[in-house]
Structure formats: structure tokens, C-alpha cells
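In case you want the letters, here they are:
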Amino acid sequence: MAAKNILKKNLLIGIFDDGDKLYDAVVNLRERGVEVFDCYTPYPVHNLDRAMGVKRSRLVFGAFVCGLVGFLCGITLQLYTMTDTFGTFKSWPMIIGGKPIDWRVIPSFVPVTFELTILFTAFGMGILFFARSRMVHGIEEDLIDIRQTDDRLVLAIEPDKLSMTKEELETIVKNQGALDFYERNLNNTDENK
Amino acid sequence: MYIAEIRNKLVQGDKKIADVTNDVLKSVEGKMTRGWMFGFAISFVFLMLMVWALYNTVTVGIGTWGVNKTVFWAWDITNFVFWVGIGHAGTLISAILLLFRQKWRMAINRSAEAMTIFAVICAAIYPLFHMGRVWLAYWVLPLPNAFGSLWVNFNSPLLWDVFAISTYFSVSLLFWYLGLIPDIATIRDRAKSKVSKAVYGFFSMGWNGSTRTWHRYEIVALILAGISTPLVLSVHTIVSFDFATSVIPGWHTTIFPPYFVAGAIFSGFGMVLTLLIIARKILNLESYITVNHLDAMTKVIMLTGSMVGLAYLTEFFIAQYSGVQYEQYAFLNRATGPFAWAYWTMMFCNLVAPQVFWFKWSRTTPWFIFMMSIVVNIGMWFERFVIIVTSLHRDYLPSSWVLYMPTFTEVALFLGTLGLFFTCFFLFVRYLPIINMAEVKSIINDRE
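Nothing here was measured: the structure is a model prediction, and the numbers come from that model.

1. Points about the interface of chain B and chain A
Counting residues at the interface gives 55 residues for chain B and 65 residues for chain A. Regarding the contact of chain B and chain A, the summed buried area is about 5600 Å², with carbon and sulfur atoms giving 68% of it. Here chain B is connected to chain A by two salt bridges. A salt bridge links R212 of chain B to D38 of chain A, with the nearest nitrogen and oxygen atoms 3.7 Å apart. Applying the counting rule to chain B against chain A returns 23 residue pairs in polar contact (both at pLDDT 80 or more). At the level of elements, α1 (17-29), α6 (157-190), α7 (194-204), α8 (211-244) and α16 (437-442) of chain B are the ones that each hand at least two residues to the side of chain B that touches chain A. In terms of residue count, the dominant contributor to the side of chain B that touches chain A is α8 of chain B (17 residues). Tallied by class, residues from the side of chain B that touches chain A come to 31 nonpolar, 17 polar and seven charged.

2. Observations concerning the environment of F382 of chain B
All names here are of chain B. By the element assignment, F382 lies in helix α14 (residues 366-392). Taking the C-alpha atoms as reference, F382 lies 9.5 Å from N350; in sequence the two are 32 residues apart. For F382, the contacting residues outside a window of four places in its chain are W341, A342, T345 and M346.

3. Some details on the packing of helix α4 (residues 110-132) of chain A against α6 of chain B
The geometry of α4 of chain A relative to α6 of chain B is characterised by a closest axis approach of 9 Å and an angle of 20 degrees between their N-to-C directions. Relative to α6 of chain B, the element α4 of chain A lies roughly parallel. Here the hand of the crossing between α4 of chain A and α6 of chain B comes out left-handed. For the pair α4 of chain A and α6 of chain B, contact is made by P111, V112, E115, L116, I118, L119, A122, F123, F129 and F130 of chain A and by W160, F163, A164, T167, S170, V171, L174, L178 and I181 of chain B, respectively.

Conventions adopted
Residues numbered from 1 in each chain as written. Chains lettered and ligands numbered in written order. Predicted model: local features only at pLDDT ≥ 70, side-chain atom pairs only at ≥ 80, totals over all residues. Heavy atoms only, no water. Contact = heavy atoms within 4.5 Å. Buried area = accessible area lost by both parts, 1.4 Å probe. Salt bridge = Lys/Arg side-chain N within 4 Å of Asp/Glu carboxyl O. Polar contact = N/O pair within 3.5 Å; in protein donor to acceptor, adjacent residues only side chain to side chain. Helix = DSSP H or I, 4+ residues; strand = E, 2+ residues; numbered from the N terminus. Nonpolar A, V, L, I, M, F, W, Y, C, P; charged D, E, K, R; others polar. Axes fitted to C-alpha atoms, helices over the stretch in contact; angles between N-to-C directions. Parallel < 35°, antiparallel > 145°, perpendicular 65-115°, else oblique. Left-handed = near helix turned anticlockwise from the far one by under 90°.

Here you go:
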């Protein structure tokens, strides 16, 4: 998981200016057994998530459940207020325009049920997405490079989980086209920039 | 992957990633231009006209409108359907074209979605104020209440409309905002003043472009597109139910849902073209919103215009073929009655005029497309006018036949909603990136 406390982490940072180069670098490093902590990119780099080995998110299941809740809310509300389907669980269904107040009006419940299903799916999934990504209004952003939302792509690797020396890693990353490579050591902030 | 060289590049002019940010954010980070201020001022004046018209409507009453017996629905519902229709291009472009993997959508989806939101706001004003007592508008919601368990009538298509429009508005807003977050973060990180850093920082929700977030983000975008596609189609279907489920000759037809949806897409693309042809010129975004984009959009216009035209001819034929004298008369009255001029304006603008897009020159000449997009807007406004006013002004009882003329308040209201729409659009251009930078950066080297 992309921990939100990355500001507190010591990281080895490679800076790229091209998504394809970053993608190749990640594939190369993973083949050599280096786990990538995360990449920060201004745009979604195609297949980079798969190359990094990110597990497919289960948000879709969340979305399905939200949709189901919306569907049930919609249909229950209408059956409760418009029909006597549930026996005594009803709220004064009224005959309007001679329409029946039993199961025969169910076809006219389709539009509202459909809309509520969509409404619940969209907002439920939106909320789940923000919660899962730890995104909330007013939160402080944790940037490694100020241009990572503009035109720089950042490769971040945790130094303590490395299977090779830092120098070896630097050579590989630079050979893959990195513009810059440095260690962000928070104990000595002068070295960072 | 092999990509044929014959295809044009989606982004022209050999742009680099940094160029995208610089070009798109010029209007946000730069100084206000005179053109912007002039346009905003004019729109704002019209917006004030709307405020006056609404004040007049509320304080004096609906009598300030030209609605009469039997034309209870006239100007307001015409404009309501007109604006809702315009609101259909945005989500169509971002949702349906995403599902179809049409990459050219990426340069235009942001502004089209913004347009959707502003258009739906304009649309909502009409039914809300047509209620007469707008401060009781919340009565349309199914709220438990103190009036003796009176619930809303879920059998009524007007109530379905409440649910459809409000769902459409809120889901479109979510979709739009979600797409904006990475771009807001870009502005945040480039901002020089403390205020803009704080404001954009607040709305960027701490976005840092992590690939794990992008992964989830793309899943959310795909699912939102998947559920927005039936939503777009459902909204105008339900708007058409307002008419089709009635027993008014000329309205009571099963062709209405597909015909309305095609018309909505047609008018939506018309308005998108109107705005984008100006925007790309003034903001120097011709490398991003290229002639190929205009070409693709005019093809959609031609297709949907022909579908609408086919629907006009079909309903005319079916009315005559049905043998029902009221249906037959309703359609004959449209084509030859006192509002025949509106009918033939509609026919010309929607069916005949878009056929010019069979020619490549007309699809690739911006000034001509601009003129045509105005024609489409006019045509679609008249379509709604024809459907509503000409069907109502002569009912079953000839002694109650009337004509309809809009009053000054009604005209002011319509011009005012145009003002509202353009005021919102000018603010959008000034404070938010008009092009989805993150998406365009990802396709910067791609071909169509």
C-alpha cells in the first residue's frame, strides 16, 4: 500500500522524464529481484501498475455492493409507499389515476430504482476510492519532487529492502534513462536536494 | 504494437509533457485577458437578466409567463428539455467514448463535462420555478413528512425525471471532479501565490500521483463510465416519458425515447462545437483540439442528425398510417398550421443542414463548423418548441384552440440562462484547466 507517511521514509529516488523509460526500468528492476516501493507520475503510465506487481483493486466488489444497496433501497421505498406488498408494512399507499396499489405497478418503479442503483454505486465507489487512497480535502500532499505532478516521473525504492548495492542500482536506473538518482536521507536533509 | 503512420497524431506540433502543462495552464496562471473580461461581463449582464426574470416570476407569479389554457407547458419546458439535451454530450464523450476506447475524447472531455454540469443547472431552473412556489421544491423528494404520510407519486414520469436529473447531475459532477483532481494537483504544485496554493491544495485532496492510486483511479473511472453510459441514455429516455406516457396526440408515441436520446446527443455535440471552436482559437489550443477532433464530432452530428430526421419522418408516417384522426391532425397541424414556420425551421436545421457534413471540406473548416453548430442549436431548440407548443395549442376541443407567444419575462429568462451558462463557462476557463492534462500527457505520442 502506498503509505501516506512516505515523507518519513528514507528512499532511493530515480527521476525520469518519460513514461516508457520508467516502465522499462521497473520491468528490469523487478526481473533482478528489486521491489519497487512506488512510482509517482503526472499521468497514468500504461501497465506500470502491473509491472510493479500491484494487486488488482477490489473496488469493483465494493461498487457492486453499493449498487445492490441502492437497488434494494429504491425498490423497498417504492413498495412501502406505493403498494401493500409487505402486508401491514406500508405507508398509506394512495390510488392515483386509478392505478392499482399492488405488485402490478412494479414496472413503473423501474426508472427510480435504476437511478438510485446508479447513484449509490457512483457515490459509494467514490467514497471507497477516496478512503482507500487516503484522500481527503485539506490533507497535506507528500511530494518527493515538486514536478512529479507536472512533467517528472519518480521511481522510489526502499534502501533497506535492497538485494544489491546502491551503486549497482544507480547504474541500472541511470542506464534506463533516469535524469537523476539520489538517496533521500531524512537524517541529513542537506543531501536531499 | 504496429501503428499505421497514415493515422494523424492525436496531439500535434511535437509537444512534450511539459508543453501540455504550460499550454493548458496559460489561461489559469496567466493574467486575465481583455477578451475574457469582456466575455465574462456580457455573460454576467445576461445572468442578471435571469435574476430579474426569476424575481419577477416569484413575486408577481407565473402569470408573468405567456402560458395559457391549453398551453400550460411552453417556454419553460422547451428550455428545460433544450438544456438537458445540451447536457448530454459531456458524459457521452467521457463515458461512452471511454468504453469504446476512443482516445480523441481526452482533449475535449473536460470541457464537455463542465458544459454538462452547467447545462443541467440551467435546465433545473425551469421546472423548479414552474412549480410556482420554488421554496417548496423539496416536496418532490420522498421525505417522511408531517402532512399525514403523503408520499410522492412514484407512478408519475415527472417524479422519475426528478430522480433522473438529480442523479445525472450528481454523478456527472463526481465524474468531472474525479478527473480534475490530478490536474488540480498540478496547478497546486505550480502555484506561486499562497491563496491559490491553499485553495487548489484543498481540492486536490493530497494527490501525489502514486501508481497505486492511479491504478484504483483508472478502475473507478472505468466503472463510472460503465454506469454513466446507461445513465446518459436513461436520462433523456425519462425526459421523453414526460411526454410519451401522456395521452396528448403528437406526444403519445413509442419512438420518443430513442428519438430524444439521439436529439440530445446531436444538440450536445452542437454546443460542444460552438464552445470549443472559440476556446481552441482564443486559448491557442489548436494542437490539442485539432481539426481531426472537429471532424470526428461533425460525424457524430451528421449521424445523430440523420437519426433525428428519420424519427421525424417515421412519426409523421405512423401518425397518418395509424388512422387515428387526432394523431393525423396533430402532425398535419405541425407542418401546415400556424406554427409551420417552426416545424420547417426544425426540419431544415436538424435533418437537411447536417447532411453537408458528407463533404470533407465542411468537416475540416472551423468557421463553417461553427456556423453549423449554431444552426444545430437553433434547430434543436425549435424541435422542443414544436413538440410542446404545437401539440398543445390545438387540443380535442376546437373552441379552446389558442396561440402561444412568449412574454418579455420568458425571453429574459431564456437569455438569462444563456448568461448563466456562459458565466459558468468563463469562470471554468479561468480557474480550471480546460483540457484534461493528465490524460493528454498519456497519449502524447499516440495516433488516432
